[in-house]
Amino acid sequence: MDNHPDPHRTSSIRQCSVIELERHHHANGNLSVVENGPQLPVEFVRAFYIYDVPAGADRGGHSHFHCHQLLVAVAGSFDVTLDDGHSQRTITLNRPYQALHIVPGIWRTMQNFSSGSICLVLASDHYDESDYVRHYSEFKRLTAK
């Protein structure tokens, strides 16, 4: 890790927000655009998507030291519970033109996936296992004030 302060001590769920993505309306279908630039809070370098989530399953269950993420429900819907170690908030994503920006240091879980839902994730960093906090007990230790 570098010399930057650990965001787990300073991040708040209030720093996470839903962003309206650019939309182009057409009679034969709409188009939303996501590209690096002033519309987004940080630059994103990686994209992946989650799909075929079994009924009742949860996903996520981790936080990051450095990586910012944008989550988009490109199909269907799901809930995202954000946790800063002191407060929690749940946001339902169900519109493909809205993205949830999650800052580093926030624990996130995704649940209540509708049938056929697809979650697109844009990440500010390439995959690095050392950036993840995967155990909630460790997360709580890092967020203790």
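Residues numbered from 1 in each chain as written. Predicted model: local features only at pLDDT ≥ 70, side-chain atom pairs only at ≥ 80, totals over all residues. Heavy atoms only, no water.

I tried to follow the overall build of the protein on my own but got confused; where do I start?
In terms of regular secondary structure, the protein is built from one helix and 12 strands. In the protein, the succession of α and β elements from N to C terminus is β-β-β-β-β-β-β-β-β-β-β-β-α. The C-alpha radius of gyration computed for the protein amounts to 15 Å, which stays within 12% of the reference 15 Å derived for 145 residues, consistent with globular compactness. Along the first, second and third principal axes, the C-alpha set of the protein runs to 55 × 35 × 25 Å. Looking at the protein as a whole, 43% of its 145 residues qualify as buried. The long-range share in the protein, meaning contacts at least 24 apart out of those at least 6 apart in sequence, stands at 79%. Per element, the accessible surface of the protein, about 8100 Å² overall, is 50% carbon and sulfur. (Helix = DSSP H or I, 4+ residues; strand = E, 2+ residues; numbered from the N terminus. Rg over C-alpha atoms; globule rule 2.2 N^0.38 Å. Buried < 20%, exposed > 50% of the residue type's maximum accessible area, 1.4 Å probe, protein only. Contact = heavy atoms within 4.5 Å. Areas by Shrake-Rupley, 256 points an atom, 1.4 Å probe, with all protein chains shown as cover.)

It is not clear to me how the side chain of aspartate 79 should be interpreted in this structure. Could you clarify?
Turning to its location among the elements, aspartate 79 is positioned in strand S7 (residues 78-83). No salt bridge forms around the buried aspartate 79; measuring N to O, its nearest opposite-charge neighbour arginine 95 is 11 Å away. Side chain to side chain, aspartate 79 and asparagine 112 meet in a polar contact 2.6 Å long. (Lys, Arg positive; Asp, Glu negative; His and termini not counted. Salt bridge = Lys/Arg side-chain N within 4 Å of Asp/Glu carboxyl O. Polar contact = N/O pair within 3.5 Å; in protein donor to acceptor, adjacent residues only side chain to side chain.)

Whenever I open this one, the packing of aromatic side chains confuses me. Can you help?
All told, the structure shown has six aromatic pairs when counted by the stated rule. Centre to centre, the rings of tryptophan 107 and phenylalanine 139 are 5.4 Å apart; their planes meet at 45 degrees, and the pair counts as tilted. On the criterion of sequence distance, the pair formed by tryptophan 107 in strand S10 (residues 107-111) and phenylalanine 139 in helix H1 (residues 136-143) is long-range, its members being 32 residues apart. The structure contains a cluster of three or more aromatic residues connected by ring pairs, namely Trp107, Tyr136 and Phe139. One Lys or Arg, arginine 23, reaches over the ring of tyrosine 97 and ends 3.6 Å from the middle of that ring. (Phe/Tyr/Trp six-rings, centres within 6.5 Å; stacked < 30°, edge-to-face > 60°. Lys NZ or Arg CZ within 6 Å of the ring centre and 35° of its normal.)

By themselves, these are just geometric observations and shouldn't be taken as functional.
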